[in-house]
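What the coordinates show
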Amino acid sequence: NHGLVMVQLEVAERLAAPPGSRTYGVPSVKAAWYADVSQQGRVSRSVFWPVPNVDSGLVAFQRHPAPRTGASREAVFEVVDAAFSQRRKGLRSALSRWAGSPAAAEAALRAAGIEPGLRGERLSIEQFAALAEQYRREGFEVELQGGVLNIYFEEPTETRFVVSPNAPVRQIWVSALVRSYKL
C-alpha cells in the first residue's frame with residue numbers, strides 16, 4: 001500500500017508536484033489518481049559510480065482509492081491528456097477538440113464547476129474526474145481508438161465511423177448531438 005522509489009530528480013519533482021506549481025503536469029495528475037505522492041529527499045549524483053549527469057530524488061507514495069466518479073480511469077486520463085496538450089492555453093481552448101468545440105468544452109467545464117479560463121495546471125485529480133463525469137452525463141461519450149471514432153449515446157445506440165489515419169481532414173455531422181467533429 002506504500003513505497004519509496006528513487007528516480008531522476010526532475011521525475012521526482014514532477015510526480016510529487018501539487019496543482020498550480022511550475023512542475024505540475026500529466027505525471028503529477030495521473031500519479032494522484034493512484035496515490036498520495038511526496039518527494040522525500042535528494043540523492044546527490046556524487047554517491048554513484050560512475051557519476052551520472054543528474055541528481056536523484058526519493059518519492060514516497062501511499063495508495064488510496066481512486067477518486068469517486070462515474071467516469072472510468074481511461075475517460076479521466078483522456079481529459080488530463082487533452083488539458084495538457086496545449087499547456088499555455090485556457091481549458092476552454094485546450095479541451096475544444098476533446099469536447100467537440102470550444103462551446104461544448106465551456107459547457108462541460110461550467111457544469112463541473114470549473115472556470116473555463118483556468119489552465120490545466122490548476123486542476124486537481126478530483127476536478128478532472130468531475131469534468132470527465134460531467135461530460136459523460138451530457139448524454140454521450142466520444143472515444144477515438146485505432147482510427148475508429150466511437151460515439152456512445154445514453155440510449156442503447158452506438159455510432160461508429162472508420163477513419164483512415166492518412167485520410168484528409170473531413171467534417172462528420174452527428175445530428176443527434178447537433179455538433180460536428182473534424183477528424
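Please read all numbers here as calculations on a predicted model, not as lab measurements. (Residues numbered from 1 in each chain as written. Predicted model: local features only at pLDDT ≥ 70, side-chain atom pairs only at ≥ 80, totals over all residues. Heavy atoms only, no water.)

**Remarks on the overall build of the protein**
A tally of helices and strands in the protein yields 7 helices and 8 strands. Looking at the 183 residues of the protein, the share that counts as buried comes to 37%. Sequence separation of 24 or more characterises 52% of the internal contacts of the protein that already satisfy a separation of 6 or more. (Helix = DSSP H or I, 4+ residues; strand = E, 2+ residues; numbered from the N terminus. Buried < 20%, exposed > 50% of the residue type's maximum accessible area, 1.4 Å probe, protein only. Contact = heavy atoms within 4.5 Å.)

**Re the layout of surface pockets**
Size it by volume and the second largest pocket reaches roughly 200 Å³. Along its surface, the second largest pocket is lined by 16 residues, and Ala17, Pro19, Ser28, Ala32 and Ala35 are the ones closest to its centre. Going through the elements one at a time, α1 (9–16), α2 (26–34), β2 (35–43) and α7 (125–137) are the ones with two or more residues in the lining of the second largest pocket. Taken together, the residues of the lining of the second largest pocket break down into 11 nonpolar, 3 polar and 2 charged. (1 Å grid on protein atoms, 1.4 Å probe; cavity = no way out; pocket = protein on both sides within 12 Å on 5 of 7 lines; lining within 4 Å. Points joined across faces, edges and corners; volume = space filled by probe spheres on them. Nonpolar A, V, L, I, M, F, W, Y, C, P; charged D, E, K, R; others polar.)

**Considerations on the nonpolar core**
Ranked by internal contacts, the top residues of the largest apolar core, which has 29 residues, are Val76, Leu95, Trp98, Phe128 and Leu131. Taken together, the elements giving at least two residues each to this core come down to α2, α3 (73–84), α5 (96–99), α6 (102–111) and α7. A total of 8 residues in this core trace back to one element, the largest contributor, which is α3. Not counting the four nearest positions on each side in its chain, Phe128 is found in contact with Val29, Val76, Val79, Val80, Ala83, Phe84, Gly120 and Leu123. (Core = buried A, V, L, I, M, F, W, Y, C linked by side-chain atoms within 4.5 Å.)

**Focus: the packing of aromatic side chains**
Here a ring pair, both rings aromatic, is described through the centre-centre distance and the interplanar angle of the planes. Tallied over the entire structure, the rule returns 4 aromatic pairs. With a centroid separation of 5.8 Å and an interplanar angle of 75 degrees, the aromatic rings of Trp33 and Phe77 are classed as edge-to-face. On the criterion of sequence distance, the pair formed by Trp33 in helix α2 and Phe77 in helix α3 is long-range, its members being 44 residues apart. Take Trp33 and Phe77: they sit in the same class, and that class is buried. Residues Phe84 and Phe128 carry aromatic rings whose centres are separated by 6.1 Å and whose planes lie at 40 degrees to one another, so their mutual orientation is tilted. (Phe/Tyr/Trp six-rings, centres within 6.5 Å; stacked < 30°, edge-to-face > 60°.)

**Focus: the packing of α2 against α3**
At a minimum axis distance of 10 Å, the contact between α2 and α3 shows a crossing angle of 160 degrees. Taken together, α2 and α3 sit at an angle that is classed as roughly antiparallel. The hand of the α2/α3 crossing is right-handed. Within the contact between the two elements, α2 uses Val26, Val29, Lys30, Trp33 and Tyr34 and α3 uses Arg73, Val76, Phe77, Val80, Asp81 and Phe84. Residues of the contact of α2 with α3, tallied by class, amount to 8 nonpolar, no polar and 3 charged. (Axes fitted to C-alpha atoms, helices over the stretch in contact; angles between N-to-C directions. Parallel < 35°, antiparallel > 145°, perpendicular 65-115°, else oblique. Left-handed = near helix turned anticlockwise from the far one by under 90°.)

**Topic: the confidence of the model for the protein**
A residue-level look at the protein finds 74% of positions with pLDDT of 70 or above and a mean pLDDT of 81. For the stretch residues 154–183, pLDDT sits under 50, and the model shows 60 contacts to residues farther than four places along the chain or on other chains. (pLDDT = per-residue confidence, 0-100.)

**Some thoughts on the sheet that holds strand β1 (residues 2–8)**
Judged by pairing direction, the sheet is antiparallel, and its 3 strands sit side by side in the order β1-β3-β2 without closing on themselves. Of all the strands in the sheet, just β1 and β2 have a single pairing partner and so form its edges. Each strand axis lies, on average, 25 degrees off the axis of its neighbour in the sheet, ignoring direction. Strands β1, β2 and β3 (56–63) of the sheet are contacted by α1, whose axis makes an angle of about 150 degrees with β2. Sitting on the sheet, α2 touches β2 and β3, and the angle it makes with β2 is about 120 degrees. (Pairing = 2+ DSSP bridges.)

**Overview of the environment of Arg14**
Within the fold, Arg14 resides in helix α1. Exposure remark for Arg14: the relative accessible area of 34% places this residue in the partly exposed category. Arg14 sits 15 residues away from Val29 along the chain, and the two C-alpha atoms are 9.4 Å apart. In contact with Arg14, not counting residues within four places along its chain, are Thr23, Pro27 and Ser28.

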